[in-house]
Amino acid sequence: MMQKTLTVCRECDRPEKTVPQLRHLVILVTERCNSHCRMCSYGGETTADHHEMSTDTILSLISEAASLGCTNIILSGGEPMLRSDITELFHATCDLGIESSCALCTNGSLIDRRTASLLAEANPAGRIVLSLDGHTPDLHDSIRGFPGSFDKVLMAIDHLQQAFGNTDHIGINTTINSSNADRIEAIIDIVASLNIRSHKLVPAFSREGNQHSCLSGEELQNLFLQSTELKHRAENNGIELVNLSPYALVETGGCHIPSFLSYVDSQGRIYGCNVAKEGFGISEAPPVGIFAKYGDLEEVWNSDRYASFRTAAFHKTHRFCTPACPDITAHTMNFLHGPCSSCITNSRHHS
């Protein structure tokens, strides 16, 4: 099989030269969800709160993150719209002045006209990111395990466009899995037809095989070989395609993600990355700390335990790094700035 190897240039590969700085915070506000996605361990539970963080606790977490210089907050799940306080949480980032970097990730099924208006009022500069995994109702609904979910996404887009006044505040996430990997071009086309300008492709990957409909190593390589063509297709439709390249074999590099990102689950457990939390069929890493009150985030971020996690991540020695992550350096570059021209120039094909 032909593969593509990316030689990461020295500048993109360099370790953080300064003290770790929290810039990205992902908060799983709930692990309840009304979908049953093939590639996801959440889903099916919509009532029990499983000891979720309270409204005040999450507000304290957002406030402390902002005080530490965090500039990007993602409210995710599970399905965040199952929380009755979600508009209050979305509004909190607006109050702290980081509203343009706050995103709410949702499957869109619970966004009606009234809810869309409340979200727009709560955070006029925020972003709503909707999941769309197929270009047809049959494909999307089968992946999501939720009949009618495709139509609900389209209705949510319409409601949000009217509430915000445009589609600039709407993004689309597509989780690429074994069921839709050969339909990415068609999905890009339908996103373009909806006048959405930001489209993030998220490969669901496991080197342990096709577990939970994840991509195999061969499917991931095929996706990378299509990356230039897919990027051009998106650009021709006026879409910014996010997080696609470079998913490849990388000859050098370590993981810097724990130096700028924290991932907090619905119970307040703090992880250095989402792979550590999810495990992806390997095993979860223990959290590096717990958030219960204001001050906990800074204490954990500066702790020896977090420092040890960063060191192991950089050297890719965590038990979940190799099996569960497509390529850690690729993720790092995508989070920071994307690959530079030197990286792309040095990439090559081999058998």
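Residues numbered from 1 in each chain as written. Predicted model: local features only at pLDDT ≥ 70, side-chain atom pairs only at ≥ 80, totals over all residues. Heavy atoms only, no water.

Regarding the overall build of the chain
Applicable threshold: Secondary structure elements are taken from DSSP: a helix is a run of H or I of four residues or more, a strand is a run of E of two residues or more, and numbering for both begins at the N terminus. Buried means the residue's accessible area, taken with a 1.4 Å probe over protein chains only, is under 20% of the maximum for its type, while exposed means over 50%, and partly exposed covers the values in between. The contact criterion used is simple: two residues touch if any of their non-hydrogen atoms lie within 4.5 Å. All accessible areas in this document rest on Shrake-Rupley with a 1.4 Å probe, and a residue is counted as covered only by the protein chains that are shown.
Across its full length, the chain carries 15 helices and 13 strands. Of all 351 residues assigned to the chain, the portion counted as buried reaches 52%. Counted over contacts in the chain with a minimum sequence separation of 6, partners at least 24 positions apart contribute 74%. Roughly 14,800 Å² of accessible area belongs to the chain as shown, and the carbon and sulfur atoms make up 48% of that amount.

Observations concerning helix H7 (residues 184–193)
If you check which residues of H7 are buried, you get Ile184, Ile187, Ile188, Ile190, Val191 and Ala192. Buried positions along H7 lie against helix H6 (149–164), strand E6 (170–176), strand E7 (198–203), helix H9 (227–236) and strand E8 (240–242). Just past H7, the residue Asn195 takes up positive phi, approximately 65°.

Brief notes about helix H4 (residues 113–122)
Note the threshold: What the arc covers is the set of directions going from the helix axis to the C-beta atoms. Two N or O atoms count as a polar contact when they lie within 3.5 Å, although within protein this holds only if one can serve as hydrogen donor and the other as acceptor, and sequence-adjacent residues are included solely when both atoms are side-chain atoms.
Listed in full, the buried residues belonging to H4 are Thr115, Ala116, Leu119, Ala120 and Ala122. Along the axis of H4, the buried positions cluster into a sector of 165°, meaning they face one direction only. Facing away from the buried side of H4, by more than 90 degrees, are the exposed residues Arg114 and Glu121. On its buried side, H4 packs onto helix H3 (86–95), strand E4 (102–106), strand E5 (127–131) and H6. Where H4 begins, the side chain of Asp112 points an oxygen toward the backbone nitrogen of Arg114, at a separation of 3.3 Å.

Some remarks on unusual backbone geometry
Look at the link from Gly77 to Gly78: it is a cis peptide, with omega at 25°. The phi dihedral of Asn195 falls on the positive side, at around 65°, and the residue is not glycine. When you line up the elements, Asn195 lands in the loop between H7 and E7. On the basis of relative accessible area, Asn195 is assigned to the partly exposed category, the value being 34%.

Looking at the packing of H7 against H9
Rules: Axis angles are defined between N-to-C directions and span 0 to 180 degrees, where every axis is a line fitted to C-alpha atoms and, for a helix, only to the segment in contact. Throughout, the term roughly parallel applies to angles under 35 degrees, roughly antiparallel to angles over 145, roughly perpendicular to angles from 65 to 115, and oblique to all others. For a crossing to be left-handed, the near helix must be turned anticlockwise from the far one by less than a right angle; the clockwise case is right-handed.
Contact geometry of H7 with H9 gives a least axis separation of 10 Å together with a crossing angle of 15°. If you check the angle between H7 and H9, you find them roughly parallel. Read as a crossing pair, H7 and H9 show a hand that is right-handed. The residues of H9 that touch H7, namely those facing Ile184, Glu185, Ile188 and Asp189, are Glu229, Leu230, Arg233 and Ala234.

Considering the packing of aromatic side chains
Inclusion rule: Note on ring pairs: Phe, Tyr and Trp rings are taken, using the six-membered ring of Trp, and paired if centres are within 6.5 Å. Classes follow the plane angle, with under 30 degrees stacked, over 60 edge-to-face and the rest tilted. Geometrically, a lysine NZ or arginine CZ counts as sitting over a ring once it is within 6 Å of the ring centre and also within 35 degrees of the ring normal.
Taken as a whole and judged by the stated rule, the model has two aromatic pairs. Here the aromatic rings of Trp301 and Tyr306 are separated by 5.0 Å at their centres, their planes lie at 65°, and the arrangement is edge-to-face. Plain terms: the ring middles of Tyr306 and Phe309 are 6.5 Å apart, the flat faces sit at 85° to each other, and that makes the pair edge-to-face. Separated by three residues within a single helix, Tyr306 and Phe309 lie in helix H12 (residues 304–314), roughly one turn from each other. Overall, the relative accessible area of 1% leaves Tyr306 in the buried class. Aromatic rings pair up to connect Trp301, Tyr306 and Phe309 into one cluster. We note Arg310 situated over the ring of Trp301; from NZ or CZ to the ring centre the distance is 4.4 Å.

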